[in-house]
Amino acid sequence: MPGATDIETALLARITRGDEIALKAFYDRLSPLAYGLARRIAGDGDGAEDAVQEAFLRVWRRADRYDAARGGPRAWFLRIVRNVAIDQLRSRKARGRAEEGLQQQLEDEGRSAERPDEAAVRTERARRVRAALDALPGEQRRALEIAYFEGLSHSEIAAREKMPLGTVKTRIRDAVLRLRAAFVGEASHA
């Protein structure tokens, strides 16, 4: 009788070949365990369900990345669940901080009504920032947005995006330098 590790390893091999039945069997075996872990991290059922769904989607897309030399399939999968749940928790926290900041800004603006000329300057500044971001190469913009909007560190971005830390740092630095050059160039023309 084969052990759990052997069965799960065989299922991953079949998933790598696109076998949906194997994915269902893998799901049936590990979803209760995955949900329990994700719920402990996320703190709520909805967040846990989202994390588990995303983790199984990653298994479907990346089963070929499983390396038996680094541990069993169950440990590999639960690391994926853990990472997804933590990423989503951090993302929700960052979104919450951004929403709180926006709410505070709206309250502050309500106390000191914005003059039309100030509103025009703010709108134009926002347009220029959007245009400068749109002009960035996609990989630089993505790294910068993850760092800024999701609040992840360079090493966290590297782990999540599966790229070397130096590449992440370079992309973010290059993006910041391009943005700075865009605004310094505009300031000299104004």
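The rules we used
Residues numbered from 1 in each chain as written. Predicted model: local features only at pLDDT ≥ 70, side-chain atom pairs only at ≥ 80, totals over all residues. Heavy atoms only, no water. Buried < 20%, exposed > 50% of the residue type's maximum accessible area, 1.4 Å probe, protein only. Helix = DSSP H or I, 4+ residues; strand = E, 2+ residues; numbered from the N terminus. Phe/Tyr/Trp six-rings, centres within 6.5 Å; stacked < 30°, edge-to-face > 60°. Axes fitted to C-alpha atoms, helices over the stretch in contact; angles between N-to-C directions. Left-handed = near helix turned anticlockwise from the far one by under 90°. Contact = heavy atoms within 4.5 Å. Nonpolar A, V, L, I, M, F, W, Y, C, P; charged D, E, K, R; others polar. Salt bridge = Lys/Arg side-chain N within 4 Å of Asp/Glu carboxyl O.

Explain helix H7 (residues 154-161) here, please?
One full turn of an α-helix is made of 3.6 residues, so residues set three or four places apart face in the same direction. The set of residues buried in H7 consists of Ile-157, Ala-158 and Arg-160. Following H7 by one or two positions, Lys-162 has its phi on the positive side, about 55°.

So what exactly am I meant to see when it comes to the packing of aromatic side chains here?
The description of an aromatic ring pair uses the distance of the two centres, along with the angle that the planes make with each other. Overall, the coordinates contain five aromatic pairs when judged by the stated rule. Ring centres of Phe-26 and Phe-56 lie 6.3 Å apart, and the angle between their planes is 80°; this geometry places the pair in the edge-to-face category. Taken together, the residues Phe-26 in helix H2 (residues 20-42) and Phe-56 in helix H3 (residues 45-62) connect sequence positions 30 residues apart. As far as the burial class goes, Phe-26 and Phe-56 line up, both buried. Between the aromatic rings of Phe-26 and Phe-77, the centroid separation amounts to 5.5 Å while the plane-to-plane angle is 80°, which identifies the pairing as edge-to-face. With a gap of 51 residues between them, Phe-26 in helix H2 and Phe-77 in helix H4 (residues 73-111) connect regions that are remote in the sequence. For Phe-26, a relative accessible area of 0% corresponds to the buried category. Linked through ring pairs, Phe-26, Tyr-27, Phe-56 and Phe-77 together constitute an aromatic cluster.

What am I meant to see in the packing of helix H1 (residues 4-16) against H2 here?
In contact at an axis separation of 8 Å, H1 and H2 are set at 145° when each is read in the N-to-C sense. Judged by the sense of rotation from one axis to the other, the crossing of H1 with H2 is left-handed. Seen from H1, the contacting residues are Ala-4, Ile-7, Glu-8, Leu-11, Leu-12, Arg-14 and Ile-15; seen from H2, they are Ile-21, Ala-22, Leu-23, Ala-25, Phe-26, Arg-29 and Leu-30. Of the residues that constitute the contact of H1 with H2, the class distribution is eleven nonpolar, no polar and three charged.

Can you help me understand the packing of H2 against H3 in this one?
Pairs of packed helices are described in terms of their axes, by the angle between the two and the distance that separates them. With their axes 8 Å apart at the nearest point, H2 and H3 run at an angle of 140° to one another. Both H2 and H3 take part in a crossing whose hand is right-handed. Across the interface between the two elements, Glu-20, Leu-23, Phe-26, Tyr-27, Leu-30, Ser-31, Ala-34, Tyr-35, Ala-38, Arg-39 and Ala-42 from H2 touch Gly-45, Gly-47, Ala-48, Glu-49, Ala-51, Val-52, Phe-56, Val-59 and Trp-60 from H3.

Would you mind showing me how to read the pattern of salt bridges here?
A side chain of one charge can pair with a side chain of the opposite charge when the charged atoms of the two come close. A complete count under the given rule lists twelve salt bridges for this structure. Two residues, Lys-24 and Asp-28, come together in a salt bridge whose shortest N-O distance is 2.9 Å. Here Lys-24 pairs with Asp-28, and both are found in helix H2, just four residues apart, close to one helical turn. Relative accessible area serves as the criterion here: at 53%, Lys-24 is assigned to the exposed category.

Can you walk me through unusual backbone geometry in this structure?
Negative phi is the rule for most residues except glycine; trans is the rule for most peptide bonds. At Lys-162, a position not held by glycine, the phi torsion is positive, near 55°. Its location among the elements puts Lys-162 in the loop between H7 and helix H8 (165-189).

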